[in-house]
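Letter by letter, the chains look like this.
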Amino acid sequence: LNYSEGTDHDALLRRVDFRPIAITPGTLSVDMGIVPFFEPTSLAMLFGAFRLHSKLYPGQERRCVPSFFKSADIDVNRFVQRVNFFDCCSEFEMLRDGAFSRHDPVGRFVPITVVQNMQDTDRVAQQIVKVIFTQPGLKGESEVKYALTELIDNSLQHAASPVGCVLQTQLYPSNFIEGVI
């Protein structure tokens, strides 16, 4: 996987067929070397792919070339660490920056989260709601929380995924919110 053709999830889906991960053992690798930004959807898909590969083929190799992209505004490696991407498999633990200081994400983003059982859906849905309803006076919080809980519960009940339900949400400075379940 090389990100020279774009980092959005549409570009990722055009280039990668994730189906063989479930049936073909072998090395899984991603080259983030020149990536200037990751959308939550792309990161969550990659996280799920590496996590599934790790579960299905524990003896196989997984590699990640970290991003070299750093500017005054963004450091891609710090971002992917902040949203828990390096937690997808044990091989990526060495990519974590030991000096990294995590700030409270409440209301700004929900890091990549794996929900394994339905007892956790309410708590995780509430975290997402706190990102969506950052502006005062917005209505519908309980309805949105109910809908999110249903989506997460349904993914757990019907997908039968060995890695659980992977999700992430991000609020951008323009008040645009992107999320993936």
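This text gives an overview of the structure that appears in the document.

What counts, and at which threshold
Residues numbered from 1 in each chain as written. Predicted model: local features only at pLDDT ≥ 70, side-chain atom pairs only at ≥ 80, totals over all residues. Heavy atoms only, no water. Disulfide = S-S within 2.5 Å. Buried < 20%, exposed > 50% of the residue type's maximum accessible area, 1.4 Å probe, protein only. Core = buried A, V, L, I, M, F, W, Y, C linked by side-chain atoms within 4.5 Å. Helix = DSSP H or I, 4+ residues; strand = E, 2+ residues; numbered from the N terminus. Contact = heavy atoms within 4.5 Å. Pairing = 2+ DSSP bridges. Salt bridge = Lys/Arg side-chain N within 4 Å of Asp/Glu carboxyl O.

Before going further, it helps to examine the state of the cysteines. Throughout the structure, instances matching the rule amount to zero disulfides. Residue Cys-64 stays outside any disulfide, its sulfur separated by 7.5 Å from that of Cys-88, the closest cysteine. The class of Cys-64 is buried, set by a relative accessible area of 12%. There is no disulfide at Cys-89, and the cysteine sulfur nearest it, in Cys-88, is 3.9 Å away.

This part covers the nonpolar core. Counting residues in hydrophobic clusters, the biggest one holds 24 residues, and the most contacted among them are Phe-38, Leu-43, Phe-50, Val-80, Phe-85 and Phe-92. At the level of elements, β1 (28-31), α2 (40-56), α3 (76-82) and β3 (109-115) are the ones that each hand at least two residues to this core. Aside from chain neighbours lying at most four places away, what touches Phe-50 is Leu-28, Ser-29, Val-30, Arg-62, Arg-63, Phe-85, Cys-88, Cys-89 and Phe-92. If you look at the next biggest cluster of nonpolar residues, it comprises 14 residues, including Val-115, Ala-125, Ile-128 and Phe-133.

A word on the pairing of strand β4 (residues 165-171). Where burial is concerned, most of β4 is hidden: seven out of the seven residues are buried. Side chains Cys-165, Leu-167, Thr-169 and Leu-171 project from β4 onto one buried face, and the interleaved Val-166, Gln-168 and Gln-170 project onto a second face that is buried too. Bridging between β3 and β4 involves five bridges; their strand directions are antiparallel. In the strand pairing of β4, Val-115 is matched with Cys-165. In this structure, β4 lies alongside strand β5 (residues 177-180), joined through four bridges in antiparallel fashion. Residue pairing for β5: Thr-169 is matched across the bridge by Gly-179. The antiparallel hairpin formed by β4 and β5 contains five residues in its connecting segment, where Asn-175 sits at a positive phi of about 70 degrees.

So, on to the pattern of salt bridges. Tallied over the entire structure, the rule returns three salt bridges. For Glu-61, the salt bridge is made with Arg-63, and the minimal N-O distance between the two is 3.5 Å. Taking the relative accessible area as the measure of exposure, Arg-63 reaches 41% and is therefore partly exposed. For Glu-91, the salt bridge is made with Arg-62, and the minimal N-O distance between the two is 2.8 Å. Taken together, the positions of Glu-91 in the loop between α3 and β3 and Arg-62 in strand β2 (residues 62-65) put the pair 29 residues apart, joining distant regions of the chain. Judged by its relative accessible area of 23%, Glu-91 falls in the partly exposed class.

None of the figures reported here should be taken as evidence of function without further support.
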